Amino acid sequence: MYRLAPPAPQSPSHCHYCPARNVYNPPRKSSARIASFTVRAAIRDSEIGRMGSLVNQDLAGRRVTVMGLGRFGGGVGVARWLARQGARVTVSDSAPASELAESVRAVADTGAVLHLGGHDEADFTGCELLVVNPAVPFDSPFVTLARQAGAELTTEVNLFLARCRATVVGVTGSAGKSTTTTMLGRLLARSGRTHVGGNVGVSLLGRLDHIGPGDMVVLELSSFQLHYLPLLGLSPHLAVVTNLKAVHLERHGSFEAYVADKANIFRFQGGDDVLVLNRDDPPTAALAGQAAGAVEFFGLDDEPFELRIPGRHNQANAQAAWRAASHLGVDRQTAAEVLAEFPGLPHRLETVAKRGGVRYVNDSKCTSPGEALVALESFESTPLVVIVGGKDVGADFGQLCSALADRARVVVTTGQSGPRIAAGLGRLGRPEVIETADFAAAVAAARRAARAGEIVLLSPACPSYDQFHNYRRRGEAFSRLVSE
Ligand code: ADP
């Protein structure tokens, strides 16, 4: 199992203690089997597992800069935890305090120095440890500055993994991470004490004292978080990859670089470790050739589970979670019970109201055309009124428009990208399109258009930032507006 006794022994080569095997494992060198970073690489192979040792040392009195407070909890979690360790914490964020109000309040009592609305060079040249938020560009000049000045670079996830003594299961993929992670957390909770965190929005650093060696941790890991895993040189013992699509290429530079970062989730596994892969997704299945340990496949041909949540994609997520859970003491009967009860996550094909024979489904987490296609496929036999549109990030709506023409009875467009989607549908000549000025008008139009027996589906296919703070606020607005 992936285990590391805290604090790890001090040694110049930053060795890792593995109680399960009772050996010290020197970090493995970069494996030739896994493609090296190609472009915009923040981490060179020579630095793997060799970035000094602050990551698992006592941080009391250390000068630590947290770059990126953020709005989703990661920056807050690490700043609070560092302050509790007695570190001298500075938080630097390019966003002004007004945009970070909630997070600022959450660290107000920590004594951390906040430098917001821009970065101050001195915070980077003067720190010993730089904790970078995964949202920060890999090639940030401030990160370079800190490293040139001798600071060690790490992340909230790396700090956690370096200290966590539990069995760690990592879940990544382009889509389905949160759903699979949450399903897996529920399955494992039937066989032992389980903690769920990471990219799902929960920092587990603050819970380290409550996570014992016999516990299980399920961590959702994004490609941005995984990018920094080589600095630690460790992978979870059990790793799950749901699927791989060409997303976030503006950050990673190429699909190959993106896949290489995703592959860090098993890059440092040993022979006893397990990698769970999607056999239906060729780029994911191809990772099997790079695995050091056992490889287990899941797919839609596997015996299906009865699920409350719709869609083949959720069946795939259930199969992924089951395949991982079966290695950690969960039997099929228990899995079937737990998965049958799983209500799904908010804002992902979530039924939020039933009124006048119309079902209202909130899929606000759907921020790309690909996700909207998945949603449309999930309701094959029900007539749909679909609300689409949001922040225009230049996505190609061609395939989505064709699917909407086939699947929707009415499409309501809204937001910055609304006119572009309406134009695409106009060229196809169907279905009926209602263009609206803002989100409330879109929901009102969809309510008026829907007939009994139909579904009003909010699958925006775009980010929410043109009209909302984030996708959660958009989903909440939808739920409120359909219940009024
Ligand atoms: P992530 O955490 O990777 O963003 P989520 O579980 O939050 O994934 O699901 C977000 C959206 O991604 C869903 O609303 C759905 O549109 C799509 N999705 C979820 N699981 C899958 C899957 N296995 N395959 C393809 N698309 C999926």
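A brief structural summary. (Residues numbered from 1 in each chain as written. Predicted model: local features only at pLDDT ≥ 70, side-chain atom pairs only at ≥ 80, totals over all residues.)

A few words now on the overall build of the protein chain. If you tally the helices and strands in the protein chain, you get 17 helices and 19 strands. Evaluated residue by residue, the protein chain yields a buried proportion of 50% over its 484 residues. Sequence separation of at least 24 residues holds for 68% of the intrachain contacts in the protein chain that already meet a minimum separation of 6. (Helix = DSSP H or I, 4+ residues; strand = E, 2+ residues; numbered from the N terminus. Buried ≥ 20, exposed ≤ 12 C-beta atoms within 10 Å, placed from the backbone. Contact = placed C-beta atoms within 7 Å.)

Here the focus is the sheet that holds strand β18 (residues 432-435). What links the strands of a sheet is backbone hydrogen bonding, and the strands pair in either a parallel or an antiparallel sense. In spatial order, the strands read β14-β15-β19-β16-β17-β18; together these six strands make up an open sheet with mixed pairing. The open sheet terminates on both sides in strands that have one partner only, identified here as β14 (350-355) and β18. Each adjacent strand pair in this sheet contributes to an overall mean axis angle of 20 degrees, direction not counted. Here strand β16 (residues 384-388) runs beside strand β17 (residues 408-413); their pairing, made up of five bridges, is parallel. Considered in β17, the bridge of L384 is made with A408. Against the sheet, helix α16 (residues 439-449) makes contact with β16, β17, β18 and β19 (455-458), and its axis sits at roughly 170 degrees relative to β16, the strand it touches most. (Pairing = 2+ DSSP bridges. Axes fitted to C-alpha atoms, helices over the stretch in contact; angles between N-to-C directions.)

Around the ligand lies a shell of 19 residues, among which A175, G176, K177, S178 and T179 are the nearest. Sorting the residues of the shell around the ligand by element identifies α6 (177-189), α11 (312-325) and α13 (369-378) as the ones contributing at least two each. Each residue belonging to the shell around the ligand can be placed in one class, and the counts come to six nonpolar, eight polar and five charged. Here the shell around the ligand spans two domains, and each of domain 1 (16-32 + 158-340) and domain 3 (350-483) adds at least three residues to it. (Near = placed C-beta within 6 Å. Nonpolar A, V, L, I, M, F, W, Y, C, P; charged D, E, K, R; others polar. Domains from an automatic or database assignment.)

This part takes up α11. For α11, which comprises 14 residues, the first-to-last C-alpha distance of 20 Å matches the rise-based estimate of 20 Å (1.5 Å per residue) to within 8%. With 12 of 14 residues buried, α11 lies mostly within the body of the structure. Along α11, the positions that sit buried rather than exposed are H313, N314, A316, N317, A318, Q319, A320, A321, W322, R323, A324 and A325. (Expected span 1.5 Å × (residues − 1).)

Attention now goes to the sheet that holds strand β12 (residues 274-278). Within the open sheet, the six strands sit side by side as β9-β10-β8-β11-β12-β13. Their pairing is parallel. Edge positions in the sheet fall to β9 (194-198) and β13 (294-298), since each has one partner strand and no second. With strand direction ignored, the average angle separating the axes of adjacent strands in the sheet is 20 degrees. Both strand β8 (residues 167-172) and strand β10 (residues 216-220) contribute to a ladder of five bridges, which runs parallel. Each bridged residue has a counterpart across the sheet, and for V168 the counterpart in β10 is V217. Of the strands in this sheet, β8, β9, β10 and β11 (238-241) touch α6, which is tilted by about 170 degrees from β10. Packed on one face of the sheet, α11 meets β8, β11, β12 and β13 and runs near 165 degrees to β12.

In this structure, the amide linkage connecting R430 to the following residue, P431, adopts the cis form with an omega of -5 degrees. One can find P431 in the loop between α15 (418-428) and β18. Positive phi, normally seen in glycine, also occurs at H347, with a value near 70 degrees. In this fold, H347 is placed in the loop between α12 (332-341) and β14. Phi at L349 is positive, roughly 45 degrees, even though this residue is not glycine. Residue placement: L349 occurs in the loop between α12 and β14.

This next bit is on the pairing of β18. Judged from the four bridges that link them, β17 and β18 form a sheet pairing that is parallel. Of the residues in β18, the one forming a bridge with T413 is E435. Between β17 and its parallel partner β18, the chain crosses via α15, and the hand of that crossover is right-handed. (Right-handed = clockwise from strand over helix to strand, strands pointing away.)

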